[in-house]
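Working through the structure, step by step
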Amino acid sequence: MGLFKAVARCYIRMFDFFGRARRAEYWWFFLWQMLIGAAVGGTFGFQMASRAATDPAFAAMMQDPIRAEAYFNSLIAGYELPLFAAYVLLFILPNLSVTIRRLHDTDRSGWNIFMPTLVGIVSGIGGSVLMGMAAASGSTGGVFAAMFVIIVPTLIASIVFFVWLCQAGTHGDNRFGPDSAPDRPAPEPSHPAFAPALDGEAADRSEVARKAAMSDYYKRHVLPNIQKPKAQ
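Residues numbered from 1 in each chain as written. Predicted model: local features only at pLDDT ≥ 70, side-chain atom pairs only at ≥ 80, totals over all residues. Heavy atoms only, no water.

1. Details of the pattern of salt bridges
The condition is simple: Put simply, a salt bridge is a Lys or Arg side-chain nitrogen that is within 4 Å of an Asp or Glu carboxyl oxygen. Secondary structure elements follow DSSP: runs of H or I no shorter than four residues count as helices, runs of E no shorter than two count as strands, and numbering proceeds from the N terminus. Partly exposed residues are those whose accessible area sits between 20% and 50% of the maximum for their type, while under 20% is buried and over 50% is exposed, using a 1.4 Å probe and protein chains only.
Counted under the stated rule, the structure contains 6 salt bridges. In this structure, Asp-179 and Arg-20 form a salt bridge, with 3.9 Å as the shortest nitrogen-oxygen distance. With Asp-179 in the loop between helix H7 (140–166) and helix H8 (200–231) and Arg-20 in the loop between helix H1 (3–12) and helix H2 (23–54), this pair connects stretches of sequence that are 159 residues apart. Accessibility assignment for this pair places Asp-179 and Arg-20 in one class, buried. For the salt bridge of Arg-101 with Glu-25, the shortest nitrogen-to-oxygen distance reads 2.8 Å. In this pair, Arg-101 sits in helix H5 (residues 80–105) while Glu-25 sits in helix H2, placing the two residues 76 residues apart along the sequence. It is possible to trace a salt-bridge network through shared partners that takes in Arg-20, Arg-102, Asp-105 and Asp-179.

2. Some remarks on a nonpolar patch on the surface
Under the convention used in this document: Residues forming no salt bridge and having over 30% relative accessible area are the ones grouped into patches, like charges within 9 Å of each other and nonpolar side chains (Val, Leu, Ile, Met, Phe, Trp, Tyr) within 5 Å. Only the protein chains shown count as cover for residues, and the accessible areas themselves come from Shrake-Rupley with a 1.4 Å probe.
Residues Trp-111, Phe-114, Leu-118, Ile-121, Ile-125, Val-129, Leu-130 and Met-133 make up a contiguous nonpolar surface patch of about 860 Å² in total accessible area. Residue Ile-125 is classed as exposed on the basis of its relative accessible area of 53%.

3. Concerning the packing of aromatic side chains
The condition that has to hold: Centres within 6.5 Å are what make two rings of Phe, Tyr or Trp a pair, Trp counting through its six-membered ring; a difference in plane orientation under 30 degrees is then read as stacked, over 60 as edge-to-face, and the rest as tilted.
On inspection of all chains with the given rule, the structure shows 10 aromatic pairs. Where Tyr-11 meets Phe-29, the ring centres are 5.5 Å apart and the plane angle is 80 degrees; that geometry is what we call edge-to-face. You can see Tyr-11 sitting in helix H1 and its partner Phe-29 sitting in helix H2, a full 18 residues away along the chain. The exposure class assigned to Phe-29 is buried, which follows from its relative accessible area of 0%. Ring geometry for Trp-27 against Phe-30: centres 5.4 Å apart, planes inclined by 75 degrees, an arrangement best described as edge-to-face. Of the two residues, Trp-27 and Phe-30 are both situated in helix H2; the distance of 3 residues between them amounts to about one turn of the helix. Put simply, the rings of Tyr-26, Trp-27, Phe-30 and Phe-162 pair up and form one aromatic cluster.

4. Examining the packing of H1 against H2
Going by this rule: Axis definition: a line fitted to C-alpha atoms, over the contacting stretch in the case of helices. Angles run 0 to 180 degrees between N-to-C directions. Between 65 and 115 degrees an angle is taken as roughly perpendicular, under 35 as roughly parallel, over 145 as roughly antiparallel, and anywhere else as oblique. Only heavy atoms enter the contact rule, under which two residues are in contact if any of them lie within 4.5 Å.
Here H1 crosses H2 at 95 degrees, and the two axes come no closer than 8 Å. The angle between the axes of H1 and H2 places the two elements in the roughly perpendicular class. Touching Leu-3, Ala-6, Val-7, Arg-9, Cys-10 and Tyr-11 of H1 are Ala-24, Glu-25, Trp-28, Phe-29 and Trp-32, all from H2.

Right under this line is the structure:
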């Protein structure tokens, strides 16, 4: 699956929160969002820098935070609702749906999408309480402990969530639907007894390999033990 096919599928299925999405679909759409964001930001920044280089009054205005904020607000005045709707349709909805379907592909509930946020909220509240207690007592160690509680659990939750999104989907159907990548190689059986039967040339090659392995084992481990008494 390439970039354009993955992006098209994400937009077509932006309201599908029940199926499955393979890794390529998710990560191509993630790259697409980064490219669009970089293109828009780069174009806007280039235009602002070009104008500032030729217009000293504009450059002076950009150095004043209050005037700069007022200028940027004036650019979108009257367009807030259309811009918000476009952002939701182009990014928020398809990203939300493909992330949920990516979790489904690993046989995890879509509710896990809230896991990093919930961990961040809980750790933030706990860290804030510790920070207040440390500030009241003047404990430097308590401040570091509060920072640890705020940062580390959220970081770990984010890493775990990232690993989930990188994992291969479950092979075959799962509780969320059919395999998102039916062409993926089947996993090796955990025990030879569960290996599929071989036919034709594959069976012949397997038999030859089996006999060669038995002969090698006999020569290495059985025959020397038989010959030892004769040598004595």
